[in-house]
Amino acid sequence: MPTSLKTLTRYTIEEEHRHPGSSGEFSALVNVVATATKIIANQVTRGVIPGPGHEDELGSAGSRLDVLTDEIMVAQTQWTGHLSGLLSEQRATALPVPATQRRGKYLLAFDALDGSSNIDVNLPVGSIFSILRAPQEVLDGTAEPSDTDFLQPGARQVCAGFTLYGPATMLVLTTGSGVDGFTLDREIGAFVLTHPRMRIPEDTSGFAINAANERFWERPVRRYVQECLEGVEGPRGRDFNMRWVASLVADTFHILTRGGMYLYPRDTRNPARPGRVSLLYGANPIAFIVEQAGGAATTGHERVMLVPPSQVHQRVPFIFGSRNEVLRVERYHAEPDEGPSFDSSLFGTRSLFRPAKHDQRT
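Please read all numbers here as calculations on a predicted model, not as lab measurements. (Residues numbered from 1 in each chain as written. Predicted model: local features only at pLDDT ≥ 70, side-chain atom pairs only at ≥ 80, totals over all residues. Heavy atoms only, no water.)

## Some remarks on the overall build of the chain
Counting secondary structure elements, the chain contains 8 helices and 15 strands. In the chain, which comprises 362 residues, the proportion classed as buried is 52%. Total accessible area computed for the chain in this model is approximately 16600 Å², and 50% of it derives from carbon and sulfur atoms. (Helix = DSSP H or I, 4+ residues; strand = E, 2+ residues; numbered from the N terminus. Buried < 20%, exposed > 50% of the residue type's maximum accessible area, 1.4 Å probe, protein only. Areas by Shrake-Rupley, 256 points an atom, 1.4 Å probe, with all protein chains shown as cover.)

Structure below.
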């Protein structure tokens, strides 16, 4: 291995050295989480290849791996003594570290396999995690770890990251002082720093949104998308590209490396469930990363990391990416709900499904 390569272990230790009095507990926790994601990467890249004694009792490969990867993350982190509790997308309530084990000063919220429905069609998936501090009463031993401990706004995160399982396994991490990306070097079994100080450009000409939900979007989002579709002839004065991977980690990594916008906005399908992205182990950690890379993240009405959590599996609208585009969408949400109602399909008026007016043949 070239001596110039910086491993994740060295990186986290050097980061802790910047804070006098650090115990090493935090860097150890980050490396334990990284180890869990290496194990998950090995399972994910096996696809549908069965192991010994395998039975398909859980249905699709994605369903099986949802359960398996959750168990891997818990098994690798629960015993270390760095955590007091864990919150998983797969579990109804928070999982306290057993009283028989040493408890630490951190909480870990995670989605061990985001985008698992993509497994069966061999598209990118990933793991997302967020690290919070445990309340003092838990550290004092006067209270048991519970769901309530995780109901902290995203601005109180100590660390956030995600791992992308694609052609290469990538770990993207922030501790509040910028964003760094690491690639798993399988020859040495370690994550090495390959994308230091990742930055999102303030402007972009690309956006990611699920066009199939168009009829449920609120007017500000329809307005934004229409202006993008009008391209160089419209008010934005330039052409936009549209993409949708249906994998939050894949779209996030694309935005971190090339810029862009991701929109999973509030819609009108179910007033009781206006958002679709989990707040504590989805939107908050991604928002932390995006803001540290110079971007912005909003629900449309407020900064994601200031949303007060009310329940551990709370879901929110989620719009993030290049800062100026996010601020534009926020401004549209703040303006009076006036103007055209967009009754017809936005995508039926431009070149996705029908030629532009100047291209039509008589």
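And the narrative resumes.
## Comments concerning the pattern of salt bridges
A side chain with one charge can pair with a side chain of the opposite charge if their charged atoms come near. Counted by the stated rule, this structure contains 14 salt bridges. Its salt-bridge partner being K6, residue E14 comes within 3.0 Å of it at the nearest N-O pair. Salt-bridge contacts for D267 lead to R269; the nearest nitrogen and oxygen are separated by 2.6 Å. Within the structure, one salt-bridge network assembled from shared partners comprises R223, E227, R328 and E335. (Salt bridge = Lys/Arg side-chain N within 4 Å of Asp/Glu carboxyl O.)

## Here we look at the sheet that holds strand β11 (residues 261–264)
Sheet strands pair via backbone hydrogen bonds, and the direction of the pair is either parallel or antiparallel. Taken in spatial order, the 5 strands make up an open sheet running β10-β9-β11-β15-β13, and their pairing is mixed. Looking at the sheet topology across the chains shown, the edges are occupied by β10 (241–243) and β13 (296–298). This sheet shows a mean twist of 15° between the axes of neighbouring strands, independent of strand direction. Examined bridge by bridge, β13 and strand β15 (residues 318–321) share 3 bridges and lie antiparallel to one another. Counterpart to A297 in the pairing with β15 is F320. (Pairing = 2+ DSSP bridges. Axes fitted to C-alpha atoms, helices over the stretch in contact; angles between N-to-C directions.)

## Considerations on the pairing of β15
The two faces of β15 match: F318 and F320 on one face and I319 and G321 on the other face are all buried. Of the pairings in the sheet, the one linking β11 to β15 comprises 4 bridges and is antiparallel in character. When the sheet's bridge partners are listed, Y262 is paired in β15 with F320.

## So, the packing of aromatic side chains
For the structure on display, the rule yields 7 aromatic pairs. Arranged with centres 4.8 Å apart and planes meeting at 25°, the rings of Y262 and F320 form a pair that is stacked. Of this pair, Y262 sits in strand β11 while F320 sits in strand β15; the two residues are 58 residues apart in sequence, bridging distant segments of the chain. With relative accessibility at 3%, the residue Y262 sits in the buried group. (Phe/Tyr/Trp six-rings, centres within 6.5 Å; stacked < 30°, edge-to-face > 60°.)

## Quick look at the side chain of Q314
Along the chain, Q314 falls in the loop between β13 and β14 (315–316). The contact partners of Q314, leaving out residues within four places of it in the chain, are V277, S278, L279, V307, P308 and P309. (Contact = heavy atoms within 4.5 Å.)

## As for the sheet that holds strand β2 (residues 95–96)
Here we have 8 strands laid out as an open sheet, ordered β2-β1-β3-β4-β5-β6-β7-β8, and mixed in their pairing. Each having just a single partner strand, β2 and β8 (190–195) make up the two edges of the open sheet. The pairing of strand β4 (residues 125–133) with strand β5 (residues 159–165) spans 7 bridges and is antiparallel. Residue V125 lies in a different strand from β5, and its bridge partner there is Y165.

## Points about the nonpolar core
F150, F162, F318 and F320 are the most contacted members of the largest nonpolar core, which has 45 residues in total. Breaking this core down by element, the ones donating at least two residues are β3 (106–114), β4, β5, β6 (169–174), α6 (248–258), α7 (279–292) and β15. When neighbours within four sequence positions are excluded, F150 is seen to be in contact with G85, L86, L87, A94, L107, L108, A109, L132, L280 and V312. Counting 35 residues, the second largest nonpolar core, distinct from the first, contains V33, V74, L184 and F191. (Core = buried A, V, L, I, M, F, W, Y, C linked by side-chain atoms within 4.5 Å.)

## Quick look at the environment of V326
Looking at the element boundaries, V326 is found in helix α8 (residues 323–334). Ignoring any residue separated from it by four or fewer positions in sequence, one finds V326 in contact with M261, A296, A297, T298, I319, F320 and G321.

## Here we look at the packing of helix α1 (residues 8–17) against helix α2 (residues 25–44)
At their nearest, the axes of α1 and α2 sit 9 Å apart, and the two run at 160° to each other. Of the possible angle classes, the one that applies to α1 and α2 is roughly antiparallel. The hand of the α1/α2 crossing is right-handed. Only E25, F26, S27, V30, N31 and A34 of α2 make contact with α1, whose side of the interface consists of L8, T9, T12, I13 and E16. (Parallel < 35°, antiparallel > 145°, perpendicular 65-115°, else oblique. Left-handed = near helix turned anticlockwise from the far one by under 90°.)

## Some thoughts on unusual backbone geometry
Even without a glycine there, the phi angle at N122 is positive, about 60°. Secondary-structure assignment places N122 in the loop between β3 and β4. Judged by relative accessible area, which is 72%, N122 ranks as exposed. Despite not being glycine, R197 shows a phi value in the positive range, around 50°. Tracing the backbone through its elements, the reader meets R197 in the loop between β8 and β9 (206–209).

## Quick notes on the pairing of β11
Looking at chain direction, β9 and β11 are connected through 3 bridges and run parallel. Counted as the bridge partner of F207 is M261 from β11.

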